Amino acid sequence: MRDPMTALTDAFTSFLFGKVETTRLPVRTSTGQAQAVYLPTAAPGLGDSGVIIGREVYSGKGYIYDPFQLYGQQLPAPHWLVLGESGNGKSALEKTYVLRQLRFKDRQVVVLDAQGEDGVGEWNLIAQQLGITPIRLDPIAANDSGIRLNPLDPAITATGQLALLRTIIEVAMGHGLDERAGFALKVAHAYVVDTIRDRQPVLTDIVEQLRHPEAESALAMNVDIDDVRAWGLDVALVIDRLVDGDLRGMFDGPTTVGIDLDAPLIVFDLSHIDRNSIAMPILMAIVGVWLEHTWIRPDRKKRIFLVEEAWHIINSPFVAQLFQRLLKFGRRLGLSFVAVVHHLSDVVDGAAAREAAAILKMASTRTIYAQKADEARATGRVLGLPRWAVEIIPTLTPGIAVWDVNGNVQVVKHLITEAERPLVFTDRAMTESSTPPRLPADLLAAELEAEERALSIERSRGSGSPGSATTVA
C-alpha cells in the first residue's frame, strides 16, 4: 500500500504538470523488419579464399582460414598451434582441415601420427580412403624387413647427418655433448663418410668406428688413441640402442626403397612407440631432419607438417632447436607447421622453455579448445589473449574453439560433413560395435562443394545480423 504522503505528492504534481509517465504499447514485427533497427555488428573475417572451418558463433558468418592465402598480409608466419584437453574436437579439426586442404592441387601434407586406435594410427582410415599406405615405424616389424629411415642417408648433407647424430645422442643422454665426446663423434662420422662409397653408411659403421678409432684421428689432435676411444664410449653406447636396443631395426639400415615422398598425404605411424619413453622425441628428431633434407623442396608446393603430441618436440631443447630451424626455413619454402598439444604448461614450464617460447612466437595462428579455468588463465597470459576470450574458454563445448589469427580473435564452431564424420571420429571403440563402412571419395567433395555454395550465397547477402544468425551443428 502506498504511503499517503507519496500519493498526495504525486496527485499534486500531476495537477500542476500533467501526467508525467507514459505507457509504451508493444510492437509486433518480423525478424526481417527488426534487423533494420538493430544493425549487425561483427568483426571482419579472414576473407573468402581458403578452406571452410565452420561458422563464427556470434555472427553466424562462415569462417574460412588458409595460412598460405593469409601469409604476408594478415599473417607474419604460416605456423599454427592447436591447444585443448582431450575430447573437445582437436583431432576432428586437424583431419577435416587436411582433407579440405588436399582438394587443392598444390598441397602436400605430412602427419606424425602418435595416437593409436584399433592397433593402428588414428590417421589410418583417412590414409586408406586416399589409397595411401602409412609409413609405420615399429621396432618389431622393422626386424622383419619393415620400414627403415637411415640417419646417414646420402640425401642428407654431411653437416645435417652430424647434427642429427648429436641430437639423437643428446636427447637420449638428457644433456649436451661435451667437447671430447663431440670430437670423437665428429672424427668417427667423417671417417665413415669418406671411406664407405659402395653402399649407404649405417649407424653400425659409426658404432664400430667409435669403438675402434683410427690412429690418424688421434695423431691429428696429438692425443693418445686410448683417450679417443674413451671419449667416444658413451656415444657408442647410446647409438647402439638404435642398433641393438629397443629402437633396433628402424634406423640401422639403408632407407627403405619405395617411400613415396610425392604422395599428397604422407603419414608416419608412430602409434606402436611408447609415447612416454625417450624413444618418441628421438623418432621425431630423426623424421624431422630426414624430411627436411628429402621432402621440402623449392618447387612452389605448399606443404603442411602436422605433428600430434608435439610436446615431445617442444619440450626437448635439442629437438626443439632442430624444428626451430625447420620453421625458419619453412617460410621461404612454403611450409606450414601445425603443432597439437593438450596443455601449454606441458611446454612453457619444461626444460626447453626458451626454445618453446621461440616456437610459440612463430605460431601466428592459435586455436584453443576448452580448458580448466586455471589452465585457461595461464594460456591467456602466455599467448596474450583478450580477457573476454580467456573467460569463455572453460565454458566452451566440444567442437567450439577460440581462434586467434594474429590478433583477430573469434569464437568458431567447427563444421563436420556427414561424409567426413566416420573418417574423423576417434572414439569408435567406446561408441560403436564395428568399423564404419568406407565412403566414396566423391561424396566428401560433393558435401564440401554444397557447403561452399551456401556460404558464398550467405556472403553475397551480407555479414549476418542478430535476427538471422545461424549456428550450425
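Everything numeric in this text was worked out from a predicted model, so none of it was measured. (Residues numbered from 1 in each chain as written. Predicted model: local features only at pLDDT ≥ 70, side-chain atom pairs only at ≥ 80, totals over all residues. Heavy atoms only, no water.)

### Focus on empty space enclosed by the protein
Reasoning step 1: All chains considered together, the criterion is met by 3 cavities of 30 Å³ or more.
Reasoning step 2: For the largest cavity, the full set of lining residues is His79, Trp80, Leu81, Ile314, Leu327, Phe337, Ala339, Ile359, Leu360 and Ala363.
Reasoning step 3: Residue assignment for the lining of the largest cavity shows that the elements contributing at least two residues are β3 (79-83), β10 (335-341) and α17 (353-362).
Reasoning step 4: Of the residues forming the lining of the largest cavity, the biggest block, 3 residues, is contributed by β3.
Reasoning step 5: Counted by class, the lining of the largest cavity contains 9 nonpolar, 1 polar and no charged residues. (1 Å grid on protein atoms, 1.4 Å probe; cavity = no way out; pocket = protein on both sides within 12 Å on 5 of 7 lines; lining within 4 Å. Points joined across faces, edges and corners; volume = space filled by probe spheres on them. Helix = DSSP H or I, 4+ residues; strand = E, 2+ residues; numbered from the N terminus. Nonpolar A, V, L, I, M, F, W, Y, C, P; charged D, E, K, R; others polar.)

### Remarks on the pattern of salt bridges
Reasoning step 1: Inspection of the entire model under this criterion finds 17 salt bridges.
Reasoning step 2: We note a salt bridge from Arg421 to Glu418, for which the minimum N-O separation is 3.8 Å.
Reasoning step 3: Via salt bridges that share partners, Asp66, Asp106 and Arg107 belong to a single interconnected network. (Salt bridge = Lys/Arg side-chain N within 4 Å of Asp/Glu carboxyl O.)

### Observations concerning helix α8 (residues 179-195)
Side chains three or four residues apart in an α-helix point the same way, a direct result of the helix having 3.6 residues per turn.
Reasoning step 1: Here α8 is 17 residues long and its end C-alpha atoms lie 24 Å apart, about the 24 Å a rise of 1.5 Å per residue gives.
Reasoning step 2: Along α8, the positions that sit buried rather than exposed are Ala181, Gly182, Phe183, Ala184, Leu185, Val187, Ala188, His189 and Val192.
Reasoning step 3: Its buried side turned inward, α8 meets α7 (158-173), α9 (203-211), α10 (215-221), α11 (225-231) and α12 (233-244). (Expected span 1.5 Å × (residues − 1). Buried < 20%, exposed > 50% of the residue type's maximum accessible area, 1.4 Å probe, protein only. Contact = heavy atoms within 4.5 Å.)

### A few points about the packing of helix α15 (residues 317-333) against α17
Reasoning step 1: For the pair α15 and α17, the least separation of the axes is 9 Å and the interaxial angle reads 25 degrees. Looking at the two axes, α15 sits roughly parallel to α17. Regarding α15 and α17, the two cross each other, and that crossing is left-handed. Counted together, Pro317, Ala320, Gln321, Gln324, Leu327 and Lys328 of α15 and Glu355, Ala358, Ile359 and Met362 of α17 form the full contact between these two elements. (Axes fitted to C-alpha atoms, helices over the stretch in contact; angles between N-to-C directions. Parallel < 35°, antiparallel > 145°, perpendicular 65-115°, else oblique. Left-handed = near helix turned anticlockwise from the far one by under 90°.)

### Here we look at the pairing of strand β1 (residues 51-56)
Reasoning step 1: With respect to burial, β1 is a largely interior element, 6 of its 6 residues being buried.
Reasoning step 2: Bridging between β1 and strand β2 (residues 62-65) involves 4 bridges; their strand directions are antiparallel. Its bridge partner being in β2, Gly54 is matched across the sheet by Tyr63.
Reasoning step 3: Following β1, the chain reverses through 5 residues before pairing antiparallel with β2; Gly60 in that reversal takes a positive phi of roughly 80 degrees.
Reasoning step 4: Here β1 runs beside strand β13 (residues 408-414); their pairing, made up of 3 bridges, is antiparallel. Within β13, the position partnered with Gly54 by the bridge is His414. (Pairing = 2+ DSSP bridges.)

### Things to note about the confidence of the model for the protein chain
Reasoning step 1: When pLDDT is averaged along the protein chain, the result is 80, and 81% of the positions lie at 70 or above.
Reasoning step 2: Predicted confidence is poor over residues 428-441, with pLDDT under 50, and the contacts of this stretch with residues over four places away or in other chains come to 16 contacts.
Reasoning step 3: When the criterion is pLDDT under 50, residues 461-473 qualifies, and its contacts beyond four places in sequence or with other chains add up to 22 contacts. (pLDDT = per-residue confidence, 0-100.)

### A look at the sheet that holds β10
Reasoning step 1: Strand order in this open sheet of 11 strands is β2-β1-β13-β12-β11-β3-β10-β9-β4-β8-β7, and the pairing throughout is mixed. Two strands in the sheet have a free side with no partner beyond their single neighbour: β2 and β7 (135-136).
Reasoning step 2: With 6 bridges joining them, strand β12 (residues 400-405) and β13 adopt antiparallel strand pairing. Each residue of the ladder has a partner; that of Val402, found in β13, is Val411.
Reasoning step 3: Packing against the sheet, α17 makes contact with β3 and β11 (363-368), and its axis sits at approximately 90 degrees to β11.

### Looking at α15
Reasoning step 1: Relative to the 24 Å expected for 17 residues at 1.5 Å per residue, α15 spans 24 Å between its end C-alpha atoms, a close match to the ideal helical length.
Reasoning step 2: Every buried residue belonging to α15 is among Pro317, Phe318, Val319, Ala320, Leu322, Phe323, Gln324, Leu326, Leu327 and Gly330, and all of these are buried.
Reasoning step 3: One or two residues past the end of α15 sits Gly334, with phi positive at roughly 75 degrees.

### Regarding the nonpolar core
Reasoning step 1: Core analysis: the largest hydrophobic core is formed by 96 residues, its most contacted members being Ile239, Phe268, Trp295 and Phe305.
Reasoning step 2: Looking at this core element by element, the count peaks at 11 residues for helix α13 (residues 279-294).
Reasoning step 3: Once residues lying within four places of it in the same chain are set aside, the contact partners of Ile239 are Ile169, Leu185, Leu203, Ile206, Val207 and Leu210.
Reasoning step 4: In terms of nonpolar packing, the next biggest core, distinct from the first, is built from 33 residues, Leu93, Val109, Ile304 and Val405 among them. (Core = buried A, V, L, I, M, F, W, Y, C linked by side-chain atoms within 4.5 Å.)

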